[in-house]
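Analysis of the macromolecular model
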Amino acid sequence: MMDFNGFLTVAKETFPDMTEHMEARFRAMEGLYNDWNAKINVISRKDINSLYIRHILHSLAIAAYLKGVRPEVMEEWKSAGNVNVLDLGTGGGFPGIPLAVLFPNVNFTLCDSVGKKTIVAQAVAEALGLENVTVVNARAESLPQTFDYVVSRAVTALDNFWPWVSGKFTKDIFYLKGGDFAEELCKMMKMAHLRPGSVRTWKIQDWVDDPVFEEKFVIDIPAK
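Quick look at the structure, then. (Residues numbered from 1 in each chain as written. Predicted model: local features only at pLDDT ≥ 70, side-chain atom pairs only at ≥ 80, totals over all residues. Heavy atoms only, no water.)

Looking at unusual backbone geometry
Geometrically, the link from F94 to P95 is a cis peptide bond, its omega value of 5 degrees lying close to zero. If you trace the backbone, P95 turns up in the loop between β1 (83–88) and α6 (96–102). For A154, which is not glycine, the phi torsion reads 45 degrees and is therefore positive. Relative to the elements of secondary structure, A154 occurs in the loop between β4 (147–153) and α8 (158–165). (Helix = DSSP H or I, 4+ residues; strand = E, 2+ residues; numbered from the N terminus.)

Structure (structure tokens):
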């Protein structure tokens, strides 16, 4: 089990420019999620005790991927530009809230169709003072705006996910997914008319060698 100090060691090693203000926000997440999960169960009972590795660090795997493989996107997210990211199927706020802490200049829209989950995400974002987070209780298809990027964490099979976001983003999807997803990825690539080799997969265990991340990946899917 990874506690806050264990999390901080990995996070600061990967993101050495993490500020004390960011650290304080990550520290506060444990109490906030424990309190809210007792009222509205959005994280399983066994997982809440592994919050820092299974949820927060897992969310930050997207940032670790950007740093190692897509440094141009990392710089874009770190700059004071106008980058808009949709976190679809955010649940209680993953991966959006940890990413919003790390990238305060990026505008994150956290979307989920289940109202009780968005109540938790909204409350945590407010308690952390995340002014770059907007929480929406809606289906992706109903959102009027287009985003630069989409992030999501294993909401559904990739071929189910694609129709929800097709036309909703201009650059990339960064999707956290585990297990054998080859078949659904092939289906999605055909639906999206993506050329072979255009989708990248990155093994999270190459970053943090822990059994929790066995067969877990960041999948980078371009808009076209």
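Past the structure itself, the notes keep going.
Some thoughts on the environment of G31
Here G31 lies in helix α2 (residues 20–39). The partly exposed category is assigned to G31, whose relative accessible area is 36%. Measuring from C-alpha to C-alpha, the distance between G31 and R153 comes to 22 Å, with 122 residues separating the pair along the chain. (Buried < 20%, exposed > 50% of the residue type's maximum accessible area, 1.4 Å probe, protein only.)

A short note on the pairing of β1
Most of β1 is tucked away: five of the six residues are buried. Direction of pairing for β1 relative to strand β2 (residues 106–112): parallel, over a ladder of six bridges. Residue pairing for β2: L86 is matched across the bridge by T109. One crossover worth recording links β1 to the parallel β2 by way of α6, and it is right-handed. (Pairing = 2+ DSSP bridges. Right-handed = clockwise from strand over helix to strand, strands pointing away.)

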